[in-house]
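Summary of the model geometry
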Amino acid sequence: MVTSMNRQRATIKQVASEAGVSIQTVSRVLNDLPHVAPDTRERVLAVIERLQYRPSSLARSLIQRRSYMLGVITAGLSYIGPSRTLSGITDQAGSMGYDLLLHELPTFDTAEIEPFLDTMLARQIDGIILAVPEIGDNRQWLLEHLPDLHVPLVFLTMHPQPGLPIVSIDNYKGGRLATEHLLTQGCRRIGHIAGPLTWWEAQQRKAGWTDALAEAGLDVNGSMWVEGNWSSKSGELAAYQLLDRYPAVDAVFAANDQMALSLMAVARRRGRNVPADLGVVGFDGMPHLGIWTLPGAGYVCIEPWQGHADPQGFAGELGEKPGTVVLPPGATHVLRMEIEVLAPV
């Protein structure tokens, strides 16, 4: 074992020399390529371990003309959804051998992102993931300048557009699943706490709630829903407003878990038992959600499994091995979602 921090770093040439093979053979072993005899592969791996050889990422980049770095532009990492998405991107990128260059925008609706793009392009990134929710026209500048970009770009969480590779969860379906679950539990007066309706995601979740009620033959009116802004505080205020406007409500679909948890707390203060008097469904699958729910309370959340497929959108364009998910222009990859029940309802 090498113990000195000052020992000179081993090179691929040294590995080849001590293993009695060519540099090309060492490269094939490192990249797990075929056409290397088993005993030769074992001998090379043993030398690599003994010399503690670590391939040079700089050398690899120069040879393959790739930086093995992806740029990620995000915003609102204090919120559960964006932070979970970034976590999934980080995990998947690492498994594919990529590092990330991250820029967090000051606000969700920042439309001018040219300085951030310039910084990323100067670092010779291999692709860009725009992990910012679609709000108003915050995509417009980038869409106008997209032809000038010379690296692949994947959009997250936006409505499908021809010619654009997009990774998104099906927010509309999530809203329907949430509402349909409450309907199957016998609820008929189902309210909604929406996210900010300048967001495409919030619009889609609300549309799913509306359509599910309409298909069940139930009317929808303005007293049945309140708009929040994803935060716990907004969920608390919205819960008070909804219970005042719609006192007969017997269930609520909240557009995210943070607002749903606030709703449950307000319901308890108002003497409403969850789930006996008020069914609650949230959205996002917030980690460790169970420890925040009230003792004996029933709670259901829509788990969108977001974040894991994102970097794979570059796979075809960057030439990765077969089997990865390829997002051709115009394709929208919709990630699976399921209902997670934290307590009986």
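Placed above this text is the structure.
Not measured: the values here are computed from a predicted model.

Attention shifts here to helix α5 (residues 80-95). With 16 residues, α5 should reach 22 Å at 1.5 Å per residue; the first-to-last C-alpha distance of 23 Å fits that figure. By the burial criterion, the buried members of α5 are Ile80, Gly81, Pro82, Thr85, Leu86, Gly88, Ile89, Gln92 and Ala93. Buried residues in α5 make contact with β1 (69-75), β2 (99-105), β3 (127-131), β4 (153-156) and α11 (257-269). Gly97 sits one or two positions beyond α5 and adopts a positive phi of about 85°.

Here we take up the pairing of β4. The alternating pattern of β4 places Leu153 and Phe155 and Val154 and Leu156 on opposite faces, both of which are buried. Relative to β4, β3 is paired through three bridges, and the arrangement is parallel. In the sheet register, Ile129 faces β4, and the bridge partner there is Val154. Between the parallel pair β3 and β4, the chain is carried across by helix α7 (residues 140-145), and the sense of this crossover is right-handed.

A few words now on the nonpolar core. Counting 61 residues, the largest nonpolar core has Ile73, Ile113, Leu142, Phe155, Ile190, Ile193 and Leu278 as the members making the most contacts within it. No other element matches the seven residues that α11 contributes to this core. Here Leu278 is in contact with Val249, Asp250, Ala251, Val252, Leu263, Ala267, Arg272 and Asn273, once residues within four sequence places are set aside. In terms of nonpolar packing, the next biggest core, distinct from the first, is built from 13 residues, Ala16, Val36, Ile48 and Leu51 among them.

Looking now at unusual backbone geometry. Residue Pro275 is bonded to the preceding Val274 through a cis peptide linkage, with omega at 15°. One can find Pro275 in the loop between α11 and β9 (279-283). One non-glycine residue, Gln124, lies in the positive phi region at around 60°. Position of Gln124 relative to the elements: it lies in the loop between α6 (114-122) and β3. Given a relative accessible area of 55%, Gln124 falls into the exposed group.

The subject of this paragraph is the packing of aromatic side chains. All told, the structure shown has four aromatic pairs when counted by the stated rule. An angle of 65° between the planes, with centres 4.5 Å apart, marks the rings of Phe108 and Trp199 as edge-to-face. Of this pair, Phe108 sits in the loop between β2 and α6 while Trp199 is found in the loop between β6 (190-194) and α9 (200-215), placing the two residues 91 residues apart along the sequence. Both residues of the pair, Phe108 and Trp199, count as buried. According to the relative accessible area criterion, Trp199 is buried, its value standing at 8%.

Next up on the list: the side chain of Arg272. Within the secondary structure layout, Arg272 lies in the loop between α11 and β9. At 5.0 Å, Asp277 is the nearest oppositely charged side chain to Arg272, a buried residue that forms no salt bridge. Here Val249 takes part through its backbone oxygen, which lies 2.5 Å from a polar atom of the side chain of Arg272. Ignoring any residue separated from it by four or fewer positions in sequence, one finds Arg272 in contact with Leu243, Pro247, Val249, Asp250, Ala267, Asp277 and Leu278.

As a further point, take the environment of Leu105. With respect to the helices and strands, Leu105 occurs in strand β2. In contact with Leu105, other than residues within four places in its own chain, are Ile73, Thr74, Ala75, Thr110, Ile113, Phe116 and Val132.

The rules behind the values
- Residues numbered from 1 in each chain as written.
- Predicted model: local features only at pLDDT ≥ 70, side-chain atom pairs only at ≥ 80, totals over all residues.
- Heavy atoms only, no water.
- Helix = DSSP H or I, 4+ residues; strand = E, 2+ residues; numbered from the N terminus.
- Expected span 1.5 Å × (residues − 1).
- Buried < 20%, exposed > 50% of the residue type's maximum accessible area, 1.4 Å probe, protein only.
- Contact = heavy atoms within 4.5 Å.
- Pairing = 2+ DSSP bridges.
- Right-handed = clockwise from strand over helix to strand, strands pointing away.
- Core = buried A, V, L, I, M, F, W, Y, C linked by side-chain atoms within 4.5 Å.
- Phe/Tyr/Trp six-rings, centres within 6.5 Å; stacked < 30°, edge-to-face > 60°.
- Lys, Arg positive; Asp, Glu negative; His and termini not counted.
- Salt bridge = Lys/Arg side-chain N within 4 Å of Asp/Glu carboxyl O.
- Polar contact = N/O pair within 3.5 Å; in protein donor to acceptor, adjacent residues only side chain to side chain.

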